[in-house]
Amino acid sequence: MGTIKSAGNEGDAAIQFTNAYLNLLKLRLDITVTNQGMPQIVVDHIASDSIELLRNEIDELVKGKIGQKAISASMSFGREQLQVVGFGISSSLDRLVKMGMLIGDRVVLWDVICSRLLHAWTDAPAQRSVLAEVACSLQMLQPLVDNGVVVVLPHPITWSKEALAIDAQLRASDNRSATSLGLVMALIANKEGMRLHPYTESSASIPSTFPFTDDESWSRENRACVEAVGNLFASHEMAYLGNVDGAEFHKIVTANKTFRRSLRKHYIPAILGLTENQRQVELKSLNADLAKQLQRQKKEVFKYVSEGAEATALVLLAAFGDAVNLMEAKWLAIGGLATRTWVALRKWFSRPENNVLIQVFRELKASVQPETLVDEPVETKRDSLPLDDETRELKKSFNSLLWTEERHHFLRDLSLAKARKLLSALTPNEIARTVNVRRFQEDYIGDYLADLWAIDIESFWKHLIKVFDSEDGILIYDGYDYVDVLCTRDIPTSVWLAILESLLTGNKSYIEGDHSDYACELLGRIIDFQTTRASQFDSRRTECAQWFKRLSKNDAALVQQFFNSIFPEAQPNWLLQPTPRPKS
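All residue numbers refer to position in the chain's written sequence, counted from 1. With the structure being a predicted model, the display of local features is reserved for residues of pLDDT at least 70 and the display and counting of side-chain atom pairs for 80 or more, all residues being used for whole-chain, interface and lining totals. The side-chain figures draw on all heavy atoms in the structure; neither hydrogens nor water molecules are used.

> Break down helix α22 (residues 442-455) for me, citing the residues and quoting the values.
Helix and strand assignments come from DSSP, with helices taken as H or I runs of at least 4 residues and strands as E runs of at least 2, each series counted from the N terminus. The span you would expect from a helix comes to 1.5 Å times its residue count less one. The end-to-end C-alpha distance of α22, which contains 14 residues, comes to 20 Å, matching closely the 20 Å that a straight helix rising 1.5 Å per residue would cover. Working definition: with a 1.4 Å probe on protein chains only, accessible area under 20% of the residue-type maximum means buried, over 50% means exposed, and in between means partly exposed. Within α22, burial applies to Ile445, Gly446, Tyr448, Leu449, Leu452 and Ile455. Buried residues in α22 make contact with α18 (389-400), α19 (404-412), α20 (416-425), α21 (428-435), α23 (457-467) and α24 (481-486). Residue contacts are counted whenever heavy atoms from the two residues lie within 4.5 Å of one another.

> Which residues make up the confidence of the model for the protein chain, and what values go with them?
Low pLDDT means the predicted coordinates in that region are not meant to be read closely. For every residue, the pLDDT score states the predictor's confidence, bounded by 0 at the bottom and 100 at the top. Per-residue pLDDT for the protein chain has a mean of 76; in total, 72% of the residues score no lower than 70. Residue range residues 297-354 is modelled with pLDDT below 50. Its contacts to residues more than four positions away, or to other chains, number 81 contacts. Across residues 370-385 the pLDDT falls below 50, and counting only partners more than four positions away or on other chains, this stretch makes 45 contacts in the model.

> Quick one: what's the story with the sheet that holds strand β4 (residues 106-110), residue by residue and with numbers?
The strand order β5-β4-β3-β6 describes an open sheet built from 4 strands, whose pairing is parallel. The sheet is open, and its two borders are formed by β5 (150-153) and β6 (197-199), each paired with just one other strand. Ignoring strand direction, the axes of neighbouring strands in this sheet form an average angle of 35°. When DSSP finds at least two bridges between two strands, those strands are taken to pair. Across 3 bridges, the pairing between strand β3 (residues 83-86) and β6 is parallel. Counterpart to Gly86 in the pairing with β6 is Tyr199. An axis is simply a line fitted to the C-alpha atoms; with a helix, the fit covers only the stretch in contact. Between two such axes, the angle follows the N-to-C directions and lies from 0 to 180 degrees. Strands β4 and β5 of the sheet are contacted by helix α1 (residues 13-28), whose axis makes an angle of about 75° with β5. Strands in contact with helix α3 (residues 65-80) are β3, β4 and β5; relative to β3, the strand with the most contacts, it is inclined by about 125°.

> Account for the pattern of salt bridges, with residues named and values stated.
By convention in these notes, a salt bridge is any Lys or Arg side-chain nitrogen within 4 Å of a carboxyl oxygen on Asp or Glu. Here the structure, examined in full by the defined rule, presents 18 salt bridges. Among the ionic pairs, Glu57 bridges to Arg28, the shortest N-O distance being 2.8 Å. A residue pair is termed long-range when its members are at least 10 positions apart, and Glu57 in helix α2 (residues 48-63) and Arg28 in helix α1 qualify at 29 residues. Its relative accessible area of 23% is what places Glu57 among the partly exposed residues. The class for Arg28 is partly exposed, based on a relative accessible area of 22%. Between Lys421 and Glu390 there is a salt bridge; the shortest N-O distance is 3.9 Å. With a gap of 31 residues between them, Lys421 in helix α20 and Glu390 in helix α18 connect regions that are remote in the sequence. By sharing partners, the salt bridges in this structure join Asp388, Glu390, Lys418 and Lys421 into a single network.

Quick look at the structure:
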């Protein structure tokens, strides 16, 4: 992949500083890499004198000539290209960095190890765990650092007197917040000539006591764009963004020069001038629109094939690179299709107004492989170790099997202990691949789920979440095992919310009808039991009502109509009026 235009890269002092910074962490904290490419630290093996050496060396690096050159280089970079800085509380560093890549050319991260962690070091076990977590997360960014996409810079409190004074003032106040502090630090860096555009996952405002309200980098329009991007990553439809490799994510996003402009045009005109509640509803709809267009492309391709056009599975895969699984590709190949579809498909792809967005997000989704790790934490737990060789080999063999039927037989041939170890090692994407390839496999998936209940209940719930995440809707087969569980037992909140979300995704076509479908009958039985007879029915009602409040007007009307059909004798008023949780 290409590097950023003016990165240089060997002559870019900001990249040189970041590499020196990461190398110090790797050396002094004894960071190793697992076979899966994950950095790890055995926390209890870090010697106290190594931490002391790290504190002295990293302080010298941050405050020395290399740190000063990095600051100067970033000031120059910001005059030519768009430089962004993430701040506030983030669910993951990977997600924060990807948000930044959708907004700007380079992502700046402030050093927190020297300026925060080691500055107040007492060698408490909790401090060691945080240090390991931050260090390993930063090591994961090395490919992006090498290409000038991400840099770590000395924190403003180490080179700006104003930042140091305001930091002390904010920390002394009773109502300080990490988000407000991070925003103010970014705006001070702007004032000092860094030229940064701040962004965050959290809601953020400038404290009233500080005169930064005229900073154009935190204008209303920019805040709207930041909020839109944050909601994009948080949306159910775009969850796959978290699974894309960081370097590949940057390569795809930057390949089309008009992508960021198109992204702003998609969101900002629609949400400016709205209240916070209105914005949330509109952002959810806008994200759903993108997902629908992606899905519509897939349906159009299959429609084109079914109407007699000639194509091959290979060309179809190249054409839209979406969720065409191996079985669909096999089916297309068996059909004896030939090779004249690309020109026609190109004509269709050029039609949508949001073509640039669709193409980029389509490529991002296509880049996610079935075995990709999903939101798996960096291994930094005390005495944590990678998967043992036996479990790794079991997992490799399990994932090599194409059909759920084969995977089920493989699992049943294992001892109970080995089966549980294998199930606990599966990632969300591997689980989804097992239970959501529905073609000719529905009965086998049902039998597989039934055995999971007997083998490991926790794994059963994880699989069930992915079952309800399917584009094909609720799993229908000859048995009722998993439905019987949902209609006789209390279920985890995560499973309940997955069922509710499925009403407006895979099951939406069913509830839009007259509710006489078998799918509606099954969904109705589950919802009826969980909200009337389960021992935690009051909690399920509250969670359902809170979910219902976030829906758009049209979706809310559709869901309410379906719920009324489930409870024909007494309309579920609790759907509109959340039941308070019982006091413990």
